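Chain and residue survey
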Amino acid sequence: EAIIGNGLAARSIGHGLATILILVIAVHNGGLARGMALTTFVFFLFAATVHPWYIAWLALLLPLYPRWSFIALIATMSVANYSGVYYHLSGDWTDPLWMKLAVYLPPLLLLLLEWRGTLPLPEEDESDSLRVGSASAL
């Protein structure tokens, strides 16, 4: 909305882009954990309203599908807490463009590097006894 200036147009564009990306994810079918994690990530990238505590859902999926872009979104989302401070200082409840860039640009750049294969993915610990499907996790 900060870039386009029209809430309805921003939501329509966001929904359209999210739908396209979710369809691309569904076509590439890389397993349930991958699909859930990527769909959740795409949802948060294009949702009209994302409060910082919403990102906990993405954090829950990290052990199943670890990605640097997900970790970056979880880390940078703390900048969004500045919205309250900005509102009290300016009386304007819209997020400034610099804040949106600070939150979303690093995860998008990391996602691009992951898709291109130029960024090594986080290592999964094969000895972890709490992995999904592990007998000791029961």
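Residues numbered from 1 in each chain as written. Predicted model: local features only at pLDDT ≥ 70, side-chain atom pairs only at ≥ 80, totals over all residues. Heavy atoms only, no water.

Section: a nonpolar patch on the surface
- Residues I13, L17, I20 and V24 make up a contiguous nonpolar surface patch of about 340 Å² in total accessible area.
- Examined against the element boundaries, I20 turns out to sit in helix α1 (residues 7–27). (Patch = residues over 30% accessible without salt bridge, like charges linked within 9 Å, V, L, I, M, F, W, Y side chains within 5 Å. Areas by Shrake-Rupley, 256 points an atom, 1.4 Å probe, with all protein chains shown as cover. Salt bridge = Lys/Arg side-chain N within 4 Å of Asp/Glu carboxyl O. Helix = DSSP H or I, 4+ residues; strand = E, 2+ residues; numbered from the N terminus.)

Things to note about the environment of L21
- When you line up the elements, L21 lands in helix α1.
- In this structure L21 comes out as partly exposed when scored by relative accessible area, which is 24%.
- A sequence separation of 18 residues divides L21 from T39, and the C-alpha atoms of the two residues are 8.2 Å apart.
- Non-local contacts of L21, meaning those with residues more than four positions away in its chain, are made with V42, F46 and W115. (Buried < 20%, exposed > 50% of the residue type's maximum accessible area, 1.4 Å probe, protein only. Contact = heavy atoms within 4.5 Å.)

Re the environment of W68
- Secondary-structure assignment places W68 in helix α4 (residues 68–76).
- In sequence terms W68 and L113 are 45 residues apart; their C-alpha atoms lie 9.7 Å from each other.
- Excluding anything up to four places from it in sequence, W68 contacts L110, E114, L119, P120, L121 and P122.
- From its side chain, W68 meets the backbone oxygen of P120 in a polar contact 2.8 Å long. (Polar contact = N/O pair within 3.5 Å; in protein donor to acceptor, adjacent residues only side chain to side chain.)

Overview of the packing of aromatic side chains
- Counted according to the given criterion, the structure contains six aromatic pairs.
- Centre to centre, the rings of W53 and Y54 are 6.1 Å apart; their planes meet at 90 degrees, and the pair counts as edge-to-face.
- W53 sits in the exposed class, given a relative accessible area of 57%.
- By relative accessible area, Y54 is classed as partly exposed at 32%.
- Both rings, one in Y82 and one in Y86, keep their centres 6.2 Å apart while their planes meet at 45 degrees; by these two values the pair is tilted. A residue pair is termed a helical-turn pair when its members lie 3 or 4 positions apart in one helix, as Y82 and Y86 do in helix α5 (residues 82–90) at four residues.
- Under the relative-accessibility criterion, Y86 is labelled partly exposed at 22%.
- By way of ring pairs, the aromatic residues F41, Y65 and F70 are connected into one cluster. (Phe/Tyr/Trp six-rings, centres within 6.5 Å; stacked < 30°, edge-to-face > 60°.)

Overview of the packing of helix α2 (residues 32–46) against α4
- At a minimum axis distance of 11 Å, the contact between α2 and α4 shows a crossing angle of 40 degrees. For the element pair α2 / α4, the angle class is oblique. As α2 packs across α4, the resulting crossing turns out to be left-handed. Contact residues: α2 offers A37, L38, F41 and F44, while α4 offers S69, F70 and L73.
- Taken together, the residues that form the contact of α2 with α4 break down as six nonpolar, one polar and no charged. (Axes fitted to C-alpha atoms, helices over the stretch in contact; angles between N-to-C directions. Parallel < 35°, antiparallel > 145°, perpendicular 65-115°, else oblique. Left-handed = near helix turned anticlockwise from the far one by under 90°. Nonpolar A, V, L, I, M, F, W, Y, C, P; charged D, E, K, R; others polar.)

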